[in-house]
Amino acid sequence: MAKMAANSDKQQGHRPGIYKQKNKGHKHGKHRTKGEIDRETKGRVSVIALTKKQRKEQKKMDRRHKANQLRRNKKDMVLTEKRRLGSKDGPPHLVAVVSLHAAVDAAAVTKLLRQEGGGGVVHQEQCVTGIKDSFGMLLPRFKQRFTFLNQATADVHSLMDVAKIADSLIFVLDPNEGWDSYGDYCLSCLFAQGLPSHALVCQGVSDLPVKKKVEYKRVLSKITEIRFPDTRIFPLDTEQEVTLLLRHLGSQRQRKLGFRSRRSHLLGQHVTFTPNDASGLGTLCVSGYVRGCPLRVDRLVHLSGHGDFQLSQIDAPLDPLPLNVAAPRPAKGGKAGDVEMQDGCDDEAPVRILMKADPATRESLQSEAEVDPMDGEQTWPTESELMEAEEARKNKRTMKVPKGTSDYQATWIVDEDAENGEEEDEESSEEDDDDDDMMDEAMERDDDTNSQDAGSEFGSEDEEDEEEEQEEVCSTERLGTDHRYDENIDEAAEEEGLKRYREARANDMFPDEVDTPLDRAARIRFQRYRGLKSFRSSPWDPMENLPVNYSRIFQFQSFDRTRRRILTEAAEEEEGAMVGWYVTLHIIDVPQSVMESVQSGRPLVLVSLLPHEQKMSVMHLLVRRHPSNTEPIKSKEELVFHCGFRRFRASPIFSQHTLADKHKMERFLKPDAPTVVSAYAPITFPPTGVLLFKQRNDGVQDLVATGSLLSCDPKRVVLKRIVLSGHPFKINRRSAVVRYMFFNREDIMWFKPVELRSKWGRRGHIKEALGTHGHMKCVFDNQLPSQDTVMMNLYKRVYPRWTYDPHVPLSLPWFKRESTVDMDDLDLDMD
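What you are looking at is a predicted structure, and each value in this text was computed from that prediction instead of being measured.

Scoring rules and cut-offs
Residues numbered from 1 in each chain as written. Predicted model: local features only at pLDDT ≥ 70, side-chain atom pairs only at ≥ 80, totals over all residues. Heavy atoms only, no water. Helix = DSSP H or I, 4+ residues; strand = E, 2+ residues; numbered from the N terminus. Buried < 20%, exposed > 50% of the residue type's maximum accessible area, 1.4 Å probe, protein only. Contact = heavy atoms within 4.5 Å. Areas by Shrake-Rupley, 256 points an atom, 1.4 Å probe, with all protein chains shown as cover. Pairing = 2+ DSSP bridges. Phe/Tyr/Trp six-rings, centres within 6.5 Å; stacked < 30°, edge-to-face > 60°. Disulfide = S-S within 2.5 Å. Salt bridge = Lys/Arg side-chain N within 4 Å of Asp/Glu carboxyl O. Core = buried A, V, L, I, M, F, W, Y, C linked by side-chain atoms within 4.5 Å. Patch = residues over 30% accessible without salt bridge, like charges linked within 9 Å, V, L, I, M, F, W, Y side chains within 5 Å. Polar contact = N/O pair within 3.5 Å; in protein donor to acceptor, adjacent residues only side chain to side chain. Lys, Arg positive; Asp, Glu negative; His and termini not counted. Charge placed at Lys NZ, Arg CZ, Asp CG, Glu CD. Axes fitted to C-alpha atoms, helices over the stretch in contact; angles between N-to-C directions. pLDDT = per-residue confidence, 0-100.

1. As for the overall build of the protein chain
Within the protein chain, the secondary structure is distributed over 21 helices and 31 strands. Split into buried and exposed, the 831 residues of the protein chain put 42% on the buried side. Within the protein chain, contacts between residues at least 6 apart in sequence are counted, and of these 78% link residues at least 24 apart. Accessible surface, the protein chain: about 48,900 Å² in total, of which carbon and sulfur atoms supply 50%.

Pasting the structure below:
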């Protein structure tokens, strides 16, 4: 038996115990071999082993056929959409003619397009209400129809509204310079918003000699390749060139803009207004072709620059530009008669009502949440609150009260110290946040630099007399010029610009540094601030101490999930007025100012809003400073926003674009980094372009920044940082005596838990206060250099101002249009 047990031990071998040492394997840097993988898995296999049939794997030929089928379907979809534009089943091809130079005339281009030699027949004159130079054209040769309008560049807002819905843009260039400074400004706005399909046109080149014609084309191509690389320039002087341009417009590839392809929109071609009563409101009837996607009557509509409104019904009048009926062109004196005949036909023909809005299912115009001031109040205290009140009464503070006063009466006597504290709290809460940005030391340093010392003067009296005579002569000559120059200068604007420039330079030199007030306790002045151990990892509750305006806004549980759901439903929408139909929309409760704007010549752009897009929330936009603007833009300054089809004014705040849960506020718009702009605005689902304008006192609006819509998140935490600085007075190895950060003992004890840091990277904390004049003993992790500065970071959460206004004033054009191209820099021989 003993021999058998020994043999069994030899067969089994030694079994190590649980305390056997296991050394780490050598990291040879190579991949694992199959043997190593088998030894690690020890024969284990996956629980589920799917076959090819279960995995639904197809054969090679089946996969190839499926890929070809998907590719063919996508190609057919693109071709169908391309052929539908301008055909009888789709809306007319909307083309806007835009002049980019003061020396060229866009009206000459539209006049040349009207001629019959190009193959088109003008069937409708002044097809857009308010825009005189607009007409509808039929091209029987290409089986297409066009709507042309001459859009002036004087009002940038009107130009951008037309570009949002136009299928193509015709840019008229100058043969020598291409575009001037104002034309370049308009191009910057259009590129930032989203440029549709376009064509470049130049007149006057065909009249030049053959030798100069080639050189001019080469010069113009070199100018335009900066903005339009690989874009053909069409000369437009003859009827044959007009035909080539029309053929190019009808067959070119259409560039999709995400913010308009997902929403139904139209251009108001025929607008009428019927007032209701003396209130100034009425029903606006807008006729036009539906574009983008089907239009539903129960959705809200947005009129660019005027606000959101409801629809009552949608009618289907006769198409004023039918492609199957090629009416002959009337004589020169019969253009107006053609319009009257068409209008008469519309009046005689019965108008078919497509759909009427149901008040039960129609979306509401409610943009703000209903605020209940009594929300959260209690009618009767709970037992726990009664016990807390009883304990507070027992531990209450004893005060001197008049003789004969009961305990109940004494509780209503206001403590003077508490009253003073409350007044100081109210004052601090009403203070403007801009006071934290003031840096008197930097201001005084700038003033001292500008001032000059009047030292001792050397020279004879004769030299002084000659200098005075010369100064009198020069001043007499410059008097008239200086007087004319000073007439165009706004002194108030100059002073404001100087102040803003100094604040921006001080913030760059000393970021976020503020001075501790001498006449007020720091614990009162900065009572809304708190210290953070780590800006990245320290917690901050996003629902803590929210302002009253947050009760007026809406928020999503998941904005991204809601956005995907709504955009998917909009893409699959098949109800309502289909794309290409000529319809009349009855918009109710519209102010009289909308009709006045149309009669003044501004285009009326209408867009159907997606669900929730009329509700207010906190919108975040990712923008970058435009190179053309160099003036300091301060946070909470009123700006003009172009966000998709919307145009409004708001006072936003700026913050850094990071992936953390807290974001540092920027006091000024950074010129070299992307910045997140947060403002109270209606909800808009991305993607969409964003433009920011700053309005001057003279009415001109400058382009400040461009970007795109980021998200809608009221819980985004934006923290404003202030830095209190102190100077080391005595240094003893790791400990140092710091002064000038605080000026009384109570402030030091209040801010004692906050961590300190220095500009040289030392970290420490306040150990104790020395005396009563603000000196404090601090301990650091290493010896403090004598030239170092001790700093304390404090943070508070900031919110934008509620100054949302959908009515934006008219943008005046620049008073001087200058060339942006220097012909000498091109280094071309024009002889």
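2. Some thoughts on the pairing of strand 28 (residues 763-770)
Note that strand 27 (residues 756-758) and strand 28 share two bridges and pair antiparallel. Note that in strand 28 the partner of Leu 756 across the bridge is Gly 764. Hairpin connection from strand 27 to strand 28: four residues lie between these consecutive antiparallel strands, with Gly 761 at a positive phi of about 90 degrees. The hairpin formed by strand 28 and strand 29 (residues 775-780) contains four residues between the paired strands, and Gly 771 there has a positive phi angle of roughly 75 degrees.

3. Let's talk about the pairing of strand 20 (residues 653-656)
Direction of pairing for strand 20 relative to strand 22 (residues 675-682): antiparallel, over a ladder of four bridges. Bridging from a neighbouring strand, Gln 656 pairs with Thr 675 of strand 22. Where strand 20 lies against strand 21 (residues 662-666), two bridges are found, and the strand directions are antiparallel. Residue Phe 654 lies in a different strand from strand 21, and its bridge partner there is Glu 666. Count of turn residues in the strand 20/strand 21 antiparallel hairpin: five residues.

4. Observations regarding the packing of aromatic side chains
Inspection of the entire model under this criterion finds 19 aromatic pairs. Aromatic pair Phe 135 and Phe 148: ring centres 5.4 Å apart, planes at 25 degrees, arrangement stacked. Taken together, the residues Phe 135 in strand 3 (residues 134-139) and Phe 148 in strand 4 (residues 144-150) connect sequence positions 13 residues apart. Across this residue pair, the class does not change: Phe 135 and Phe 148 are buried. Aromatic side chains Phe 641 and Phe 648 sit 5.2 Å apart centroid to centroid with 5 degrees between the ring planes, which places their arrangement in the stacked category. Across the pair, Phe 648 and Phe 641 agree in class, each one buried.

5. Quick word on the state of the cysteines
Counting across every chain of the model gives zero disulfides. For the unlinked cysteine Cys 189, the closest cysteine sulfur is that of Cys 186, found at 6.4 Å.

6. A word on the pattern of salt bridges
If charged atoms from side chains of opposite charge come close, those side chains can pair. According to the stated counting rule, one finds 27 salt bridges in the structure shown. A salt bridge links Glu 363 to Arg 299; the nearest nitrogen and oxygen atoms lie 3.6 Å apart. One end of the pair, Glu 363, is in the loop between strand 13 (352-356) and helix 11 (383-394); the other, Arg 299, is in the loop between strand 10 (281-289) and strand 11 (301-303), with 64 residues separating them in the sequence. A salt bridge links Arg 667 to Asp 512; its shortest N-O distance comes to 3.0 Å. Taken as a pair, Arg 667 in the loop between strand 21 and strand 22 and Asp 512 in the loop between helix 16 (491-509) and strand 14 (513-514) lie far apart in primary sequence, 155 residues in all. A relative accessible area of 3% means that Arg 667 is categorised as buried. What you see here is one network of salt bridges that share partners, running through Asp 512, Lys 664, Arg 667 and Arg 721.

7. What to know about the environment of Asp 180
Structurally, Asp 180 is set in the loop between strand 5 (168-173) and helix 6 (181-193). You can call Asp 180 buried: its relative accessible area is 1%. Taking C-alpha positions, Asp 180 is 7.3 Å from Ala 102, a pair spaced 78 residues apart along the chain.

8. Describing the nonpolar core
Leu 149, Leu 169, Phe 171, Cys 189 and Phe 693 are the most contacted members of the largest nonpolar core, which has 43 residues in total. Looking at this core, the elements with two or more residues in it are strand 1 (93-99), helix 5 (156-165), strand 5, helix 6, strand 6 (197-202), strand 16 (605-608) and strand 23 (689-695). For Leu 169, the contacting residues outside a window of four places in its chain are Ala 96, Ala 163, Leu 190, Leu 195, Pro 196, Ser 197, His 198 and Ala 199. Membership of the second largest hydrophobic core comes to 27 residues, among which are Leu 567, Met 619, Val 623 and Leu 669.

9. Topic: a nonpolar patch on the surface
On the surface, Leu 518, Tyr 740 and Phe 743 cluster together into a nonpolar patch covering about 330 Å² of accessible area. Of note, Tyr 740 is situated in the loop between strand 26 (735-739) and helix 20 (745-750). Judged by relative accessible area, which is 44%, Tyr 740 ranks as partly exposed.

10. Things to note about the side chain of Glu 513
Take Glu 513: it is sitting in strand 14. At 3.4 Å, the side chain of Glu 513 and the side chain of Lys 759 are in polar contact.

11. So, a positive patch on the surface
A cluster of basic residues, Lys 20, Lys 22, Lys 42 and Arg 44, forms a positive patch on the protein surface. Topologically, Lys 42 is positioned in the loop between helix 2 (34-41) and helix 3 (60-84).

12. Here's the deal with the sheet that holds strand 1
Strands pair in a sheet through their backbones, by hydrogen bonds, and they do so in one of two ways: parallel or antiparallel. In spatial order, the strands read 2-3-4-1-5-6-7; together these seven strands make up an open sheet with mixed pairing. Looking at the sheet topology across the chains shown, the edges are occupied by strand 2 (121-125) and strand 7 (233-235). Within this sheet the neighbouring strands show an average axis-to-axis angle of 30 degrees, counted without direction.

13. Description of the confidence of the model for the protein chain
Caution applies to low-pLDDT parts of the model: their predicted coordinates are not meant to be read in detail. In the predicted model, the protein chain carries a mean pLDDT of 78, and the fraction of residues at 70 or more is 78%. Taken together, the stretch residues 821-831 has pLDDT below 50 and engages in 16 contacts with residues farther than four places along the chain or on a different chain.

14. Regarding the environment of Lys 533
Residue placement: Lys 533 occurs in the loop between helix 17 (522-525) and helix 18 (559-571). Taking the C-alpha atoms as reference, Lys 533 lies 9.8 Å from Pro 753; in sequence the two are 220 residues apart. For Lys 533, the residues in contact, after removing those within four places along its chain, are Ser 538 and Glu 755.

15. Considerations on unusual backbone geometry
Residues Pro 686 and Pro 687 are joined by a peptide bond in cis, for which omega reads 10 degrees. Considering the arrangement of structural elements, one finds Pro 687 in the loop between strand 22 and strand 23. Not every positive phi belongs to a glycine, and Asp 512 is a case in point at roughly 65 degrees. Residue Asp 512 is classed as buried on the basis of its relative accessible area, which comes to 4%. Within the chain, Tyr 740 stands out as a residue other than glycine whose phi angle is a positive 70 degrees.

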